[in-house]
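Residue-level structural notes
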Amino acid sequence: MDTNIFDAIVIGAGPAGLTAGMYLARAKARTLILNDGTAGGQMVLTHEIANYPGVESISGYQLATIMRNQAKHFGCTIRTNVKITELDLDGEMKSVEVNGKDRYGARTIILAPGGRSRTLGVPGEDRLKGKGISYCATCDGDFFQDKDIIVVGGGNSALEEAVSLTKYARSVTIVHQFDHFQAFPHAIEEAQANPKIRFVMESRIAEFIGDEALERVRIEHIPTQQLTETPIDGVFVFIGYMPNTESLRGKVALTDSGEIVVSSLLETNVPGVFAAGDATTKRFRQITTAVADGTVSALAAMEYLRTAAAPDARTVIAAQEEMVV
Amino acid sequence: MLQTNLKHITTEQEFRDTLKNNEQVMVCCGRMGPMCIPVYGVMEELEGEYGNVAFRDMEFDGPIGHLIRTLPECSSFRGLPFTVYFKNGKVVKATSSIQTRDQVTGILDQHFSVKQHGHKHL
Ligand SMILES: Cc1cc2nc3c(=O)[nH]c(=O)nc-3n(C[C@H](O)[C@H](O)[C@H](O)COP(=O)(O)OP(=O)(O)OC[C@H]3O[C@@H](n4cnc5c(N)ncnc54)[C@H](O)[C@@H]3O)c2cc1C
């Protein structure tokens, strides 16, 4: 297997990873960005971004395209829609295997894998996604004109999207696992004041049922474990986000909830490995904070490249002999 | 107009010509939204790899969106985008909502006779 050597590899092409790439490439580090989906990360989930300084209003897709082009323009190599099949962070020379065949090496790695929507993980969910189950109200709300739908969740997104879905739906039932909401008071009040919304508390969806499309859901009342089956046209799931760090467990220190533990310079517990963006231990997750993390992690990684002990010459020479870039 | 690098189908005539002139066609009918953009992105990448498949997009809310929306194969769909795979003008597969690259290539490999151009590296 051939190994392509870079100075730095960035995992994730959301705002954190693309910014890190820009700073690294501008500092003349040969930089590879690897991303398992479309470049832009969660930015492309956002129809309108109105809080990115310097730009009054822009779609997430446009902002992602600009950031990607900037990173490319400064010299980053970007590979999207790839799967990382092996990651070795130990030693001076780190290595990443992609799609089970291409191998890349670098002395420093920046982890910027961000996060994704949680799914319920109950029977029927995968099969009926797009056939009654949705994770995006703006995308799919209009398929449910005058229909009865359920919104799952009890945070700000769930309550705000439930209210917005009343524009289309005949009725919206909010199913939430606790007896109280975790949303801001104004979001709770707005939902409670809406005559089309009703609440089923301390309950969870246990199963989605339907042949071609969603027809019914089985709902469990958690304290009594009592199951009821309800006919329903659609279910929208808004139960929060989780970090994309499952594959990093055992490789870098993570918190119990899977966030990457970092220092103020965004170093992980592994020398030469930095982390940036939503996947790290931090309080506020925004594009601006991801971009700031991308900057800090890249500058810290450059400092590491300049000052850390020279790599084991044999490793680098052996790797470079195999290099095919 | 969708802001993608794919060829857009915008008229009924273009739709018919695309199906007539290409044995294997994948059409993604959507909007510029979070479930659709990743599918366009996958198609843009696959254009360089699957030489004998015509990759096209179409506006879901445009004047000819109904050509996809009303296909019997899409009758149970309630999630954007609607992605339809045609072989010799006939629907061989249709999917609703976001799809990963692996899901799309799985369908192409199963339903189409694909000639891979080799991977577009770096
Ligand atoms: C619906 C929605 C609306 C939002 N609106 C706003 C807003 O208006 N303003 C604002 O400031 N913020 C907003 N945010 C938050 C903002 O989008 C995030 O804070 C920001 O995108 C985080 O950036 P990131 O680079 O850390 O991660 P992400 O944007 O999640 O990007 C991570 C990237 O890494 C990739 N990846 C993950 N795992 C791997 C792997 N193993 N290998 C390779 N690649 C991998 C992912 O595919 C993804 O492309 C919104 C978020 C959502 C979901």
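Criteria and thresholds
Residues numbered from 1 in each chain as written. Chains lettered and ligands numbered in written order. Predicted model: local features only at pLDDT ≥ 70, side-chain atom pairs only at ≥ 80, totals over all residues. Heavy atoms only, no water. Helix = DSSP H or I, 4+ residues; strand = E, 2+ residues; numbered from the N terminus. Rg over C-alpha atoms; globule rule 2.2 N^0.38 Å. Buried < 20%, exposed > 50% of the residue type's maximum accessible area, 1.4 Å probe, protein only. Contact = heavy atoms within 4.5 Å. Near = heavy atom within 4 Å. Polar contact = N/O pair within 3.5 Å; in protein donor to acceptor, adjacent residues only side chain to side chain. Areas by Shrake-Rupley, 256 points an atom, 1.4 Å probe, with all protein chains shown as cover. Nonpolar A, V, L, I, M, F, W, Y, C, P; charged D, E, K, R; others polar. Pairing = 2+ DSSP bridges. Axes fitted to C-alpha atoms, helices over the stretch in contact; angles between N-to-C directions. Parallel < 35°, antiparallel > 145°, perpendicular 65-115°, else oblique. Left-handed = near helix turned anticlockwise from the far one by under 90°. Disulfide = S-S within 2.5 Å. Salt bridge = Lys/Arg side-chain N within 4 Å of Asp/Glu carboxyl O. pLDDT = per-residue confidence, 0-100.

Re the overall build of chain B
- Check the secondary structure of chain B and you find four helices and five strands.
- In sequence order, chain B lays out its α and β elements as β-α-β-α-β-α-β-β-α.
- By the compact-globule yardstick of 14 Å for 122 residues, chain B fits well, its C-alpha radius of gyration being 13 Å.
- With respect to the three principal axes, the spread of C-alpha positions in chain B is 35 × 30 × 25 Å.
- When burial is assessed residue by residue, chain B has 52% of its 122 residues classed as buried.
- In chain B, of all internal contacts separated by at least 6 residues, the share reaching a separation of at least 24 is 66%.

Observations regarding the site of the ligand
Residues and elements named next belong to chain A.
- Not every one of the 29 residues close to the ligand is listed here, only the nearest: Asn-35, Asp-36, Gln-42, Tyr-241 and Asp-278.
- A distance of 3.5 Å is found between an oxygen atom of the ligand and a backbone nitrogen or oxygen belonging to Pro-113.
- In this structure, Asp-278 approaches the ligand through a main-chain N or O atom, which is 2.8 Å from an oxygen atom.
- For the ligand, whose unbound accessible area comes to 1,000 Å², protein coverage reaches 85%.
- At the level of secondary structure, the elements contributing two or more residues to the shell around the ligand comprise helix H1 (15-26) and helix H7 (287-307).
- The residue makeup of the shell around the ligand, split by class, is 12 nonpolar, 14 polar and three charged.

Comments concerning the sheet that holds strand E15 (residues 216-221) of chain A
Residue and element names in this part refer to chain A.
- Spatial ordering of the open sheet is given by E14-E15-E16, a layout of three strands whose pairing is antiparallel. The open sheet terminates on both sides in strands that have one partner only, identified here as strand E14 (203-209) and strand E16 (226-231). Direction aside, neighbouring strands of the sheet carry axes that sit 25° apart on average.
- Looking at chain direction, E14 and E15 are connected through six bridges and run antiparallel. Residue pairing in the sheet places Glu-207 in a bridge with Arg-218 of E15.

Notes on the packing of H1(A) against helix H2 (residues 60-73) of chain A
Residues and elements named next belong to chain A.
- Put simply, H1 and H2 touch, their axes get as near as 8 Å, and they point 25° apart. Between H1 and H2, the crossing angle belongs to the class labelled roughly parallel. You can see that H1 and H2 cross each other, and the crossing is left-handed. Where H1 approaches H2, its residues Pro-15, Leu-18 and Met-22 are matched on the opposing element by Ala-64, Met-67, Arg-68, Gln-70 and Ala-71.
- Of the residues belonging to the contact of H1 with H2, the class tally is six nonpolar, one polar and one charged.

Topic: the state of the cysteines
- Taken as a whole and assessed by the stated rule, the structure comprises one disulfide over all chains.
- Across the disulfide, A:Cys136 is cross-linked to A:Cys139 (sulfur-sulfur distance 2.2 Å). Its S-S torsion of approximately 70° makes the covalent link between A:Cys136 and A:Cys139 right-handed. A:Cys139 shares its class with A:Cys136; the two are buried.
- In this structure B:Cys29 is not part of a disulfide, and its nearest cysteine sulfur, from B:Cys28, lies 7.5 Å away.
- We note that B:Cys36 lacks a disulfide partner, and the nearest cysteine sulfur, in B:Cys28, lies 6.0 Å from it.

Some words on the interface of chain A and chain B
- Counting residues at the interface gives 30 residues for chain A and 28 residues for chain B.
- Put simply, chain A and chain B have two salt bridges between them.
- The salt bridge partner of A:Asp142 is B:Arg31, with a shortest N-O separation of 2.7 Å.
- In this structure, the connection of chain A to chain B is made through 12 residue pairs in polar contact (both at pLDDT 80 or more).
- Elements represented by at least two residues in the side of chain A that touches chain B include exactly H2, strand E4 (77-79), strand E7 (102-106) and helix H4 (137-140) of chain A.
- When residues of the side of chain A that touches chain B are assigned to their parent elements, the largest contribution, three residues, is made by H4(A).
- The class makeup of the residues in the side of chain A that touches chain B is 11 nonpolar, nine polar and 10 charged.

Considering the side chain of A:Thr38
- Secondary-structure assignment places A:Thr38 in the loop between strand E3 (31-34) and H2.
- Owing to a relative accessible area of 19%, A:Thr38 belongs among the buried residues under this scheme.
- Not counting chain neighbours up to four residues away, the residues in contact with A:Thr38 comprise A:Asn81, B:Ile37, B:Pro38 and B:Gly41.

A word on the environment of B:Asn88
Residues and elements named next belong to chain B.
- With respect to the helices, strands and loops of the structure, Asn-88 is situated in the loop between strand E4 (82-87) and strand E5 (90-96).
- Overall, Asn-88 belongs to the exposed group, its relative accessible area being 53%.
- Residues Asn-88 and Asn-22, 66 residues apart in the sequence, show an inter-C-alpha distance of 7.4 Å.

A few points about the confidence of the model for chain B
- Of all residues in chain B, 93% attain a pLDDT of 70 or more, and the chain-wide mean is 92.
- Note on the complex model: pTM 0.84, ipTM 0.76.

As for the environment of A:Ile49
Residue and element names in this part refer to chain A.
- By the secondary structure assignment, Ile-49 is in the loop between E3 and H2.
- Classification of Ile-49 as buried rests on a relative accessible area of 3%.
- When the C-alpha positions of Ile-49 and Val-200 are compared, they lie 33 Å apart, and in sequence the two are 151 residues distant.
- Each residue touching Ile-49, except ones within four places of it in the same chain, is listed here: Glu-56, Ser-57, Ile-58, Gly-60, Leu-63 and Ile-287.

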